[in-house]
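Structural description and commentary
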Amino acid sequence: MTINIEEIEIRELQDTDIEAVSAIEAASFSMPWSPNDFRDLLSRNYCYYLVAIVDGEVAGCAGLTDICNEGNIDNVVVAEKFRGQGIATALLKELISRGESRGINAFTLEVRVSNEAAIHVYENLGFVSEGIRPRFYEKPIEDAMIMWRR
Ligand SMILES: CC(C)(COP(=O)(O)OP(=O)(O)OC[C@H]1O[C@@H](n2cnc3c(N)ncnc32)[C@H](O)[C@@H]1OP(=O)(O)O)[C@@H](O)C(=O)NCCC(=O)NCCS
């Protein structure tokens, strides 16, 4: 599905998006978050989640947890049919910009060492690898690359 990047709306995750976000998670990860995991997040004021909407449809999401002015990014995911069109990049730019206005000046995330597409997106945004956490992931077991943008 080809879209124009200007057609993407980025806004905060709402309760009504949770079923759609969970379905994208389930299709993309071997250990996806459940709808209840996302509902929990909405009640925490140190967690900040954004969704990308294309034509009224949830296309992806990305989240930030504010830990003492360090931003931990997780759940970066885009539905398969919308990938490769700049949606993850747009979500992350907005997440970083909103994080910076909340006083966060360093952002970190973990990624499977084999996840070339995600690593490419993160490097384009200024993230660099600062270490490897061995066997961090399950299903399948794999090392995590720890990336930071300071
Ligand atoms: C990783 C993911 C979020 C990227 O979303 P996206 O909307 O397709 O990302 P973007 O369109 O913003 O950028 C994709 C970039 O990766 C590049 N890319 C795509 N596949 C690639 C690959 N196999 N190897 C290297 N680069 C790749 C694209 O060329 C593009 O780079 P460019 O902007 O320099 O042209 C998406 O693939 C996804 O949801 N994957 C499954 C879930 C996941 O792994 N999430 C990350 C967990 S840490």
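Residues numbered from 1 in each chain as written. Predicted model: local features only at pLDDT ≥ 70, side-chain atom pairs only at ≥ 80, totals over all residues.

The next point concerns the nonpolar core. If you look at the biggest cluster of nonpolar residues, it comprises 37 residues, and the most contacted ones within it are Val21, Ala52, Ala59, Ile87 and Leu91. Those elements giving two or more residues to this core turn out to be helix 1 (18-28), strand 2 (47-54), strand 3 (57-67), strand 4 (70-78), helix 3 (87-101), strand 5 (106-112), helix 4 (116-124) and strand 7 (142-149). For this core, the element with the most residues is helix 3, which contributes 7 residues. The contacts of Ala59, once residues within four sequence positions are left out, are Ala52, Ile53, Val54, Val78, Ala79, Phe82 and Ile87. (Core = buried A, V, L, I, M, F, W, Y, C linked by C-beta atoms within 7 Å. Buried ≥ 20, exposed ≤ 12 C-beta atoms within 10 Å, placed from the backbone. Helix = DSSP H or I, 4+ residues; strand = E, 2+ residues; numbered from the N terminus. Contact = placed C-beta atoms within 7 Å.)

The omega torsion of the bond from Lys139 to Pro140 falls at -5°, within 30 degrees of zero and hence cis. As for its position among the elements, Pro140 is in the loop between strand 6 (128-137) and strand 7. The phi dihedral of Asn69 falls on the positive side, at around 70°, and the residue is not glycine. Mapped onto the elements of the fold, Asn69 is located in the loop between strand 3 and strand 4. Judged by C-beta crowding, with 11 C-beta atoms within 10 Å, Asn69 ranks as exposed.

Where helix 1 meets helix 2 (residues 35-42), the closest approach of the two axes is 9 Å, and the angle between their N-to-C directions is 130°. Looking at the two axes, helix 1 sits oblique to helix 2. Of the two elements, helix 1 crosses helix 2, and the hand of that crossing is right-handed. Residues Ile18, Glu19, Val21 and Ser22 of helix 1 pack against Pro35, Phe38 and Arg39 of helix 2. (Axes fitted to C-alpha atoms, helices over the stretch in contact; angles between N-to-C directions. Parallel < 35°, antiparallel > 145°, perpendicular 65-115°, else oblique. Left-handed = near helix turned anticlockwise from the far one by under 90°.)

The subject of this paragraph is the site of the ligand. Around the ligand, the surrounding shell holds 19 residues, and the nearest of these are Arg83, Ala88, Thr89, Glu116 and Ala117. Only strand 4, helix 3 and helix 4 provide two or more residues apiece to the shell around the ligand. With 6 residues, the top contributor of residues to the shell around the ligand is helix 4. Of the residues belonging to the shell around the ligand, the class tally is 9 nonpolar, 8 polar and 2 charged. (Near = placed C-beta within 6 Å. Nonpolar A, V, L, I, M, F, W, Y, C, P; charged D, E, K, R; others polar.)

Taken together, 7 strands build an open sheet; the order of strands is 1-2-3-4-5-7-6 and the sheet is mixed. Looking at strand neighbours, the two that pair on one side only are strand 1 (8-12) and strand 6, the edges of this open sheet. Along the sheet, successive strands turn relative to each other by an average axial angle of 25°, direction set aside. Here helix 1 sits on the sheet in contact with strand 2, strand 3 and strand 4, set at roughly 90° to strand 3. (Pairing = 2+ DSSP bridges.)

Attention shifts here to the environment of Asn45. On the secondary structure map, Asn45 appears in the loop between helix 2 and strand 2. Separated by 20 residues in sequence, Asn45 and Thr65 place their C-alpha atoms 9.0 Å apart.

Moving on to the pairing of strand 2. Bridge count between strand 1 and strand 2: 5 bridges; the pairing is antiparallel. From the neighbouring strand, Glu9 faces strand 2, where its bridge partner is Ile53. Relative to strand 3, strand 2 runs antiparallel, the two sharing 8 bridges. Its bridge partner being in strand 3, Ala52 is matched across the sheet by Gly60. In sequence, strand 2 turns back onto strand 3 through a hairpin of 2 residues, with Asp55 there showing a positive phi of about 55°.

None of the figures reported here should be taken as evidence of function without further support.
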